[in-house]
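Structural features, examined
Residue strings, one per chain:
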Amino acid sequence: MFTGIVETVGEVREAKSSGALREFRIQTESGFIDGLGAGDSIAVDGACLTMVEVHAAEFRVEVVETTLSRTVASTYREGTRVNLERASKLGDRLDGHLVQGHVDGLGHVTAVRERGGFHLVEVSIPEEVHQLTIEHGSITLNGVSLTVNRLMPVGTIEVALIPHTWEATNLRYLTAGDPLNVEGDLIGKYVGK
């Protein structure tokens, strides 16, 4: 489990295919992965992945076809910036919302507008996520826990990004047309089911 509070932005240093898998080597800030090892979970742009190799300031993950088809991982190249969050420990503070790291699908940025010090981002999201999303409820975009500012018709939402979120995540690099990972609110999914 995660909270959607991005701890740092890492950088893909290597992306290669190995059979049906894609492997990514991701560099992060010194000390971020201290105490973690092979087999531990990490959210990369909100997708829960298993670290298969861990070194001082980098780790390696392997991604299967299903994950590649549902997430932005298929677009990763050397130099891609990714949002990172370590798994939560039972008893930790929950600053964002409950995030499983099970991406529901891809959304696409339809507009980014600066508005007096903050940014408004419109995103088209999968219909099944839109049906379970409420205005002022939670949604996860590229692993970032956000509040739905406006629920718009035809599968679109708007989120407002305060300056801290804009600067501390990879959302600041998004432009119209870019894909991003979408995970709907866990509570909404269970209530809907």
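To start, this report covers the structure provided alongside it. For clarity, every value in this text was computed on a predicted model and none was experimentally measured. (Residues numbered from 1 in each chain as written. Predicted model: local features only at pLDDT ≥ 70, side-chain atom pairs only at ≥ 80, totals over all residues. Heavy atoms only, no water.)

Quick word on the sheet that holds strand 7 (residues 105–115)
Stated precisely, the cut-off is as follows: Any two strands between which DSSP finds at least two bridges are classified as paired. The numbering of helices and of strands both runs from the N terminus, where a helix is a DSSP run of H or I of at least 4 residues and a strand a run of E of at least 2. Axis geometry follows a simple rule: fit a line to the C-alpha atoms, using only the stretch in contact for helices, then measure angles between N-to-C directions, giving values from 0 to 180 degrees.
An order of 7-8-11-10-9-12 is seen for the six strands of this closed barrel, with the pairing classed as antiparallel. For this sheet, the mean angle separating the axes of adjacent strands, direction not counted, is 45°. Pairing geometry for strand 9 (residues 138–141) and strand 10 (residues 144–152), over four bridges, is antiparallel. Across the sheet, the residue bridging to Leu 141 is Val 144, located in strand 10.

Things to note about the pattern of salt bridges
What counts here: What makes a salt bridge here is a side-chain nitrogen of Lys or Arg within 4 Å of a carboxyl oxygen of Asp or Glu, nothing more. Throughout this description, buried means an accessible area under 20% of the type-specific maximum (1.4 Å probe, protein chains only), exposed means over 50%, and partly exposed covers the range between.
For the structure shown, the criterion picks out 13 salt bridges. For Asp 95, the salt bridge identified is with Arg 93, shortest N-O distance 3.1 Å. Overall, the relative accessible area of 68% leaves Arg 93 in the exposed class. A salt bridge links Glu 122 to Arg 113, with the nearest nitrogen and oxygen atoms 3.0 Å apart. Take Glu 122: its relative accessible area is 14%, and that puts it in the buried class. Linked by salt bridges that have partners in common, Glu 23, Glu 53, Arg 60 and Glu 62 make up one network.

Some words on unusual backbone geometry
Positive phi is not limited to glycine here, since Asn 142 has a value of about 50°. Residue position: Asn 142 is located in the loop between strand 9 and strand 10. The exposure class of Asn 142 is buried, given its relative accessible area of 3%. Of note in this structure, Val 154 is not a glycine but carries a positive phi near 60°. Of note, Val 154 is situated in the loop between strand 10 and strand 11 (156–161).

Looking at the packing of aromatic side chains
Each aromatic ring pair is described using two quantities: the centre-to-centre distance and the angle formed by the ring planes. Selection criterion: Only centres within 6.5 Å qualify two rings of Phe, Tyr or Trp (six-membered ring in Trp) as a pair; their planes then separate them into stacked at under 30 degrees, edge-to-face at over 60, and tilted for everything else. Any Lys NZ or Arg CZ found within 6 Å of a ring centre and within 35 degrees of that ring's normal is scored as a charge over the ring.
Across all of its chains, the model carries one aromatic pair by this definition. With a centroid separation of 5.3 Å and 75° between ring planes, the pair formed by Phe 24 and Tyr 76 is classed as edge-to-face. Here the residue Phe 24 occupies a position in strand 2 (residues 21–27), and Tyr 76 occupies one in the loop between helix 1 (65–70) and strand 6 (81–86), the gap between them amounting to 52 residues. For the pair Phe 24 and Tyr 76, a shared accessibility class is recorded, and that class is buried. One cation-aromatic arrangement involves Arg 81 over Tyr 173; the distance from NZ or CZ to the ring centre is 4.4 Å.

Observations regarding the pairing of strand 2
Relative to strand 2, strand 1 (residues 8–18) runs antiparallel, the two sharing seven bridges. Counterpart to Glu 14 in the pairing with strand 2 is Arg 25. Linking two consecutive strands that pair antiparallel, namely strand 1 and strand 2, is a turn of two residues; a positive phi of about 70° is found at Gly 19 within it. Of the strand pairs in this sheet, strand 2 and strand 5 (residues 58–63) are connected by six bridges, and their pairing is antiparallel. Bridge assignment links Gln 27 to a residue of strand 5, and that residue is Glu 58.

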